[in-house]
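Listed here are the chains, written in short residue letters.
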Amino acid sequence: MTFRRLLALTTLFTLQWACPSPPPTTTPVRPAPFDAGGDFRFDAGTFRGDGGFRSDAGRPDAGAACTPPPNPSDDAGTTSVTPVFHAMPTISVSTVRALALGDVNGDGHLDLVTLEASSTLVQSRLGDGEGGFQVGPAQALTGGTALALADVNRDGVLDVVATRTGFLELLHGDGLGGFTGVRSVALSSQANQVLVEDFNGDVFPDVAVADSANGLVMVLLSDEEGPRGPVLDNLVPGLQRMTSGDFNGDGRADLAVSETLTGSVRLLQWNGNGFSQSSISTAVASATSLAAADFNRDGRTDVVTFSYDDKLALLMSQPHAPLAPVNHYCLPRTTTPLVADFNNDARPDLWLGADDGGESQLLLGHGDGTFHVVTAAASGLSLAAAADLNHDGTTDLVAVRTDTLAVLLNTPVTRTVRMAPLVRISLTSGAQSLDVADLDHNGVLDLVTAGPGTGAVELRLGTPGTGWTDAHVLNTDTSPYVVRTANLSDDGRTELLVAAPGGLQVWQRNVQDVYQPLPGFAASAETPVRMLVAELTGDAFDDVAVLDHARHEVVIHVGNEDGVPADTIRHVVGQGPSDMVTLDLNRDGYLDLVVANADENNLGIFRGGPDGLQASEPLELTSRPLALATGDIHGNGVDDVAVALPDADVVTVFVASDGALSSGGQVEVTGRPSAVALRDMDLDGRLDLAVASFSSGLVHVLLGNGAGGFTLTESFTAPANPTTITAADLNRDGMPDLAIGGIADDEVGLVLSTP
């Protein structure tokens, strides 16, 4: 299901841990880390999966039971760029209990919301997009214990979900940075942590609160007005902390809870009426805090948990199996880490703060479940939140230090795009349409291609370290023009959607991992040219949109709880439609549709709402649009649109602002650009362009500057007459790669990046 929410920018983090003694006096002297203009640096060390912890500054191993540290010559993965944070002026606060980052006033800049215990209020501080904050509105909240930000009523404005003594409080955002209390829900217990997820798959954000004192996880299901209850109580003896993620691969959010009594991680998974529990031993005593991310880049959510005996346990998700402990490490004691990518290498890192005057530490992930440790010469950082505060593409920090907030701006990382020569994979029916997905859940993306020549859809399954298997051919008994992957049935198994002249096929993977077509052939587009999956009809289910070139319309196959689209809605578009994308232009929580009308030289715009799509005035262009891509090019939290104009040999960028699209510049791309993708190719936090040119048979990489400008860096050979391009990490090395398909040759071309 598509969960329209703004949670990507609004995660709540709390760090409280007991830290080791300060480093020896041989540590180099640096500028004071919280003086404005000073740099906040780290010393290098190594943290490895063999159980050892070593700091080059001379830190002793933590914990008597730890394996001896590895020899320096054995260290691997320590060449990652080490972040340097620039300290902004500190902000005076009043005993912060919780903090979160999100754009609460809709200006495209991240704001800071704090729960301040001494003054018993929720306080907004409005960001200026450069790392500075100004005091904004405040809302009284007596006895507050935790908060999170989310758009709970789906009006496009962030709200506050907070806990106080015996109650859950919902404060609706006013779009100006302020909040108004609208509902209190009585809880059967106290709470010291809150998070927001869609647990039951109905598109409405639900709320989970944890009471560690009484060993209780309480979940409140939501409707269109926010969390109402009933409150689902889940007893978890020894509960310490909780986190969320899809741990069983069913496409829905689960809860993972750490237990101090057993040293276990308990999973709470939605079963249709409530939560089923299962316990997984971490093989460490007294599990305290935990965090979730894909630490080994296999496409599945993993968990790290910390314990009172100074150890960290790494639990990896397994295909069709629960989490399993694979590594244990020695580490200074901690409770809750902060997960983010701090050095722009597409690998999750761990930030560990300290609230007792000790040092902060940063564990830079290698992407294989091991980490490189760097230690900060700073003390007393406790609560923290991380996001890009100044639109430079790097992850910054806001951390509490006693009665002040430290704002630490990360230094941008510069990388060179290095891509290997084209890898050609032969096909039987061409690659007029191309998609990628992990069909067999082995952590490697697979290739799905379709061409009308043979009536077949081909699957090339990716295997770790060995490339892609021979073709698995699915006979569609028709002429497949477009193929897409989706999970309409919400069961964790990816379906194949095949659009052919006049109809739509849905192929599902059965328990034997074999794809079979569902009975029936839904009437659809006469000449399908594009297909996408998104929530377009204002309900809680994903729909399938097919663009019909001949009939000049988009056919919406309406989703339902069975996962098999049945009813259709047709919208007339312009002449000769060639591509379409979705984005939320006016930030109202509903997806809008943009269509490239090639024969009318315009972009058709359809506004989304609770009743579905409504046509609005098209955007006129100077040349024929052929291909579209959408993404946040300017880093302001709002998606823009890149349009390929082949007759003019340019790609034009249109900026989303005030609910409309306006021209934001263009870049020359020779050879008649025919396909375009937006992706951060050099991992600098800014979106770049990958463009395939039809006449020249080349693919071009243009690096973005974060302000709408692009610079051509490299061009590569592509399959002849390319018509489709996809950017994704195909070989699991953390770098985006390119897959290109065309209409002239029966092959798909891969251009693989190298770290």
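Reading the values: rules and limits
Residues numbered from 1 in each chain as written. Predicted model: local features only at pLDDT ≥ 70, side-chain atom pairs only at ≥ 80, totals over all residues. Heavy atoms only, no water. Helix = DSSP H or I, 4+ residues; strand = E, 2+ residues; numbered from the N terminus. Buried < 20%, exposed > 50% of the residue type's maximum accessible area, 1.4 Å probe, protein only. Areas by Shrake-Rupley, 256 points an atom, 1.4 Å probe, with all protein chains shown as cover. Pairing = 2+ DSSP bridges. Axes fitted to C-alpha atoms, helices over the stretch in contact; angles between N-to-C directions. Salt bridge = Lys/Arg side-chain N within 4 Å of Asp/Glu carboxyl O. Contact = heavy atoms within 4.5 Å. Patch = residues over 30% accessible without salt bridge, like charges linked within 9 Å, V, L, I, M, F, W, Y side chains within 5 Å. Lys, Arg positive; Asp, Glu negative; His and termini not counted. Charge placed at Lys NZ, Arg CZ, Asp CG, Glu CD. Phe/Tyr/Trp six-rings, centres within 6.5 Å; stacked < 30°, edge-to-face > 60°. Polar contact = N/O pair within 3.5 Å; in protein donor to acceptor, adjacent residues only side chain to side chain. pLDDT = per-residue confidence, 0-100.

Turning next to the overall build of the protein chain. The helix and strand tally for the protein chain stands at zero helices and 63 strands. Buried residues in the protein chain amount to 61% of all 755 residues. For the protein chain, the exposed surface amounts to about 26000 Å²; the carbon and sulfur share of it is 49%.

Looking now at the sheet that holds strand 61 (residues 722-728). Strand order in the open sheet made by the four strands is 33-63-62-61, with antiparallel pairing throughout. At either margin of the open sheet sits one strand with a lone partner, and together these are strand 33 (423-426) and strand 61. On average, each strand axis in the sheet is inclined to that of its neighbour by 20°, with strand direction left out of account. Both strand 62 (residues 737-742) and strand 63 (residues 747-751) contribute to a ladder of four bridges, which runs antiparallel. Each residue of the ladder has a partner; that of Ile740, found in strand 63, is Gly749.

Turning our attention to the pattern of salt bridges. If you walk through the whole model with that rule in mind, you get twelve salt bridges. Linking Arg125 and Glu116 is a salt bridge whose minimum nitrogen-to-oxygen distance equals 2.8 Å. Residues Arg125 and Glu116 agree in their burial class; the two are buried. A salt bridge links Arg424 to Glu747; the nearest nitrogen and oxygen atoms lie 2.5 Å apart. On the criterion of sequence distance, the pair formed by Arg424 in strand 33 and Glu747 in strand 63 is long-range, its members being 323 residues apart. Through salt bridges with shared partners, a single ionic network connects Arg624, Asp647 and Arg672.

Right, let's get into the environment of Ser662. With respect to the element layout, Ser662 can be found in strand 56 (residues 660-668). For Ser662, a relative accessible area of 37% translates into the label partly exposed. Taking the C-alpha atoms as reference, Ser662 lies 9.5 Å from Asp640; in sequence the two are 22 residues apart. With near-sequence residues (within four places) excluded, Ser662 lies in contact with Val653, Phe654 and Val655.

What follows covers a negative patch on the surface. A contiguous patch of negative charge on the surface is contributed by Asp599, Glu600, Glu617 and Glu620. For Glu620, the location among the structural elements is in strand 52 (residues 614-620).

So, on to the pairing of strand 8 (residues 121-127). Counting buried positions along strand 8 gives six out of seven residues, so the element sits mostly inside the fold. Sheet topology places strand 7 (residues 111-116) next to strand 8; five bridges connect them, and they run antiparallel. Bridging across to strand 8, Leu112 finds its partner in Arg125. Bridging between strand 8 and strand 9 (residues 133-140) involves six bridges; their strand directions are antiparallel.

Remark: the centre distance and the inter-plane angle together describe each pair of aromatic rings, the angle taken between the planes. Under the criterion given, the structure shown has four aromatic pairs. When the ring of Phe199 is compared with that of Phe275, the centres are 5.6 Å apart and the planes differ by 80°; the resulting orientation is edge-to-face. Of this pair, Phe199 sits in the loop between strand 14 (193-197) and strand 15 (206-211) while Phe275 sits in strand 21 (residues 275-281), and the two are 76 residues apart along the sequence. Across this residue pair, the class does not change: Phe199 and Phe275 are buried. Considering the side-chain rings of Trp270 and Phe275, the 5.4 Å spacing of their centres and the 80° angle between planes classify their relative orientation as edge-to-face. In terms of burial, Trp270 and Phe275 fall into one category: buried. Through a chain of ring-to-ring contacts, the aromatic side chains of Phe199, Trp270 and Phe275 assemble into a single cluster.

Next up on the list: the sheet that holds strand 36 (residues 456-460). Taken together, four strands build an open sheet; the order of strands is 34-35-36-39 and the sheet is antiparallel. The sheet is open, and its two edges are formed by strand 34 (433-437) and strand 39 (472-475), each paired on a single side. With direction set aside, neighbouring strand axes in the sheet form an average angle of 20°. Of the strand pairs in this sheet, strand 34 and strand 35 (residues 446-450) are connected by five bridges, and their pairing is antiparallel. Among the inter-strand pairings, Ala437 is bridged to a residue of strand 35, identified as Asp446.

What follows covers unusual backbone geometry. Even without glycine at this site, His391 takes up a positive phi of about 60°. Inspection of the secondary structure assignment puts His391 in the loop between strand 30 (384-387) and strand 31 (396-401). The partly exposed category is assigned to His391, whose relative accessible area is 22%. Positive phi values are uncommon outside glycine, yet Thr402 reaches one of about 60°. With respect to the helices and strands, the residue Thr402 is situated in the loop between strand 31 and strand 32 (404-410).

So, on to the environment of Asp543. Along the chain, the position of Asp543 falls in strand 46 (residues 543-548). The exposure class of Asp543 is buried, given its relative accessible area of 0%. The spatial distance from the C-alpha of Asp543 to the C-alpha of Thr568 is 9.6 Å, given a sequence separation of 25 residues. Those residues in contact with Asp543, other than ones at most four positions away along the chain, are Leu532, Val533, Ala534, Glu535, Leu536, Thr537, Ile556, His557, Val558 and Gly559. At 2.8 Å, the side chain of Asp543 and the backbone nitrogen of Leu536 are in polar contact.

Take the confidence of the model for the protein chain next. Chain-level pLDDT for the protein chain is 81 on average; 85% of the residues reach the 70-or-more range. When the criterion is pLDDT under 50, residues 1-79 qualifies, and its contacts beyond four places in sequence or with other chains add up to 231 contacts.

Once that is clear, we can look at the pairing of strand 40 (residues 482-486). Burial runs high along strand 40: five of the five residues are buried. Residues of strand 40 alternate between two faces, with Val482, Arg484 and Ala486 on one and Val483 and Thr485 on the opposite face, all of them buried. Note that strand 40 and strand 41 (residues 495-500) share five bridges and pair antiparallel. Residue Ala486 lies in a different strand from strand 41, and its bridge partner there is Glu495.

Before going further, it helps to examine the side chain of Arg460. Residue position: Arg460 is located in strand 36. Within the structure, Arg460 has its side chain in polar contact with the backbone oxygen of Thr469 (distance 3.5 Å). Excluding its chain neighbours within four sequence positions, the residues that come into contact with Arg460 are Ile425, Ser426, Leu427, Asp446, Leu447, Trp468, Thr469, Asp470 and Ala471.

Secondary-structure assignment places Asp159 in strand 11 (residues 159-164). Put simply, Asp159 is tucked away with no salt bridge, and the nearest opposite charge, on Arg183, sits 9.3 Å away. Engagement of the side chain of Asp159 in a polar contact is seen with the backbone nitrogen of Gly173, the distance being 2.8 Å. Setting aside anything within four residues of it in sequence, one finds Asp159 in contact with Ala148, Leu149, Ala150, Asp151, Val152, Asn153, Leu170, Leu171, His172, Gly173 and Phe179.

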